[in-house]
Amino acid sequence: MAMTFKLPALILAALIVFVLAEALYFLSKDHGDKDKTRVARALSVRVSLALILFLLLITGAFFGFIHPHGI
Amino acid sequence: MSQTPSNYFLPDPSPWPIVAVASVFSILFGAALAVNGLFPGGIFIVLGFALFSYLLFSWFGDVVRENMAGLYNERVDSSFRQGMIWFITSEVFFFLTFFGALWYLRNVSADWLTGKGYLAGTHEVLYNQFFSVWPRTGPGLKEEFTPMKAWGVPAFNTIVLLTSGATITWAHWGLKAENRKLLIRGLIATIFLGLLFVTLQAWEYQEAYQQLNLTLKSGVYGSTFYILTGFHGMHVTVGAIMLAAILGRSFKGHFTPENHFAFEAVAWYWHFVDVVWLGLFIFVYML
């Protein structure tokens, strides 16, 4: 995988794991208070980051920067 | 039952721990018989799983009833949240073990077998015809297979799970906004997408066995492919069952914007399963 795609992909993957862990931390702390929407917000960010990562992978493969095995 | 505001709620004596032991014993006893080819093994396994399902339904039912009766205070709530963290920690290490095994096989043991590192002698003495390339069965196995391609079903399944992450988040915000219709629609969509994912994965396995000759016997690639994707598929199945339970509770109006730990725990679990799949898509299917 070319570095042009590897670095952003690694950063995105690390961010996804961080935000997911953050949501778990908020889940343990917020006790479901109505005004505390931190879990929902963190998980929304998680979904957006995952979508960006997937699009990055598809783009990388389309332009030949990533060569999935078996093809 | 007794409870004071500052103490833990003390439930009545419960039969469920004993039923749990009986069901697990039945499953393991049946498995021990089955792997030795003895007849009643399968029956014990089926009975064990049936008892285990009954146990989960009944025990969680008791917990829901106690919760709805207002018997749980903040300390009990905290203990549920801590329990969730321990459960997830065990899940993280469970998957890390399998990802770690894949990394070790591809990056450490393959080097030794090709003559690098301090165990390079293995190459000279045993496998001097071995060269490292992935995917492959490993040394000594001759049977040909075609590896699973990333595009096609796996990429489509990634879109399915990503979409399910969006629909469960949609339901989450619906719950926070006291919009029960949104909550229920989001949950139904998520369960549907989860079941679609599992169905497509089953179809993918069938293709792998019949068209690609990719089986559990396809050496180290086949083993890691099926154990990683198989356990993930099992988690999606369990997650969909948990979501169905949450959907049932949502129909009954159990959740409020202030009190919905069960929903948030299951939603988080679903996001976790989604993230694990992204890891699988990259490390098992793409690289």
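Residues numbered from 1 in each chain as written. Chains lettered and ligands numbered in written order. Predicted model: local features only at pLDDT ≥ 70, side-chain atom pairs only at ≥ 80, totals over all residues. Heavy atoms only, no water.

S.K.: Explain the overall build of chain A to me, please; I cannot follow it from the model alone.
M.R.: The helix and strand tally for chain A stands at two helices and zero strands. For chain A, the residues scored as buried account for 46% of the 71 residues in total. Counting only contacts in chain A whose residues sit at least 6 apart along the sequence, the fraction spanning at least 24 positions is 62%. In the structure as shown, chain A presents an accessible area of about 3,800 Å², 71% of it carried by carbon and sulfur atoms. (Helix = DSSP H or I, 4+ residues; strand = E, 2+ residues; numbered from the N terminus. Buried < 20%, exposed > 50% of the residue type's maximum accessible area, 1.4 Å probe, protein only. Contact = heavy atoms within 4.5 Å. Areas by Shrake-Rupley, 256 points an atom, 1.4 Å probe, with all protein chains shown as cover.)

S.K.: What's the story with the domain arrangement of chain B in this structure? I'm lost.
M.R.: Interface size is commonly expressed as the accessible area that is lost once the parts come together. Residue and element names in this part refer to chain B. Domain boundaries in chain B define domain 1 (1-72) and domain 2 (74-286). Taking the mean C-alpha position of each, domain 1 and domain 2 sit 26 Å from one another. Listed by partner, the interface residues are eight residues for domain 1 and seven residues for domain 2. Interface of domain 1 and domain 2: buried area, both sides summed, is about 760 Å²; carbon and sulfur atoms make up 65% of it. Taken together, domain 1 and domain 2 are joined by zero salt bridges. Here domain 1 and domain 2 share zero residue pairs in polar contact (both at pLDDT 80 or more) between them. When the residues that make up the side of domain 1 that touches domain 2 are grouped by side-chain class, the tally is six nonpolar, two polar and no charged. (Domains from an automatic or database assignment. Buried area = accessible area lost by both parts, 1.4 Å probe. Salt bridge = Lys/Arg side-chain N within 4 Å of Asp/Glu carboxyl O. Polar contact = N/O pair within 3.5 Å; in protein donor to acceptor, adjacent residues only side chain to side chain. Nonpolar A, V, L, I, M, F, W, Y, C, P; charged D, E, K, R; others polar.)

S.K.: Please clarify how the nonpolar core should be interpreted in this entry.
M.R.: One broad rule of soluble globular proteins: the nonpolar side chains tend to lie buried together. Leu187, Leu214, Phe263, Trp268 and Phe281 of chain B are the most contacted members of the largest nonpolar core, which has 75 residues in total. For this core, the secondary-structure elements that each account for two or more residues are α1 (3-29) and α2 (38-62) of chain A together with α3 (74-113), α5 (153-176), α6 (180-210), α7 (219-251) and α8 (261-286) of chain B. With residues near it in sequence (within four places) discarded, Leu187 of chain B still touches Ile168, Ala171, Leu243, Ile246, Leu247, Ser250 and Phe263 of chain B. (Core = buried A, V, L, I, M, F, W, Y, C linked by side-chain atoms within 4.5 Å.)

S.K.: Would you mind going over unusual backbone geometry with me for this structure?
M.R.: Among all residues save glycine, negative phi is the norm, and among peptide bonds the norm is trans. Residues and elements named next belong to chain B. Even without a glycine there, the phi angle at Glu178 is positive, about 60°. Residue placement: Glu178 occurs in the loop between α5 and α6. Among the residues examined, Glu178 registers a relative accessible area of 56% and is labelled exposed. Positive phi outside glycine occurs at Asn213, with the angle close to 55°. Here Asn213 lies in the loop between α6 and α7. Residue classification places Asn213 among the partly exposed residues on the basis of a relative accessible area of 28%.

S.K.: Sorry, what's going on with the side chain of His172 of chain B here?
M.R.: Mapped onto the elements of the fold, His172 of chain B is located in helix α5. Excluding residues that lie within four positions of it along the chain, His172 of chain B makes contacts with Val39, Ala40 and Leu43 of chain A together with Phe263, Glu264 and Ala267 of chain B.

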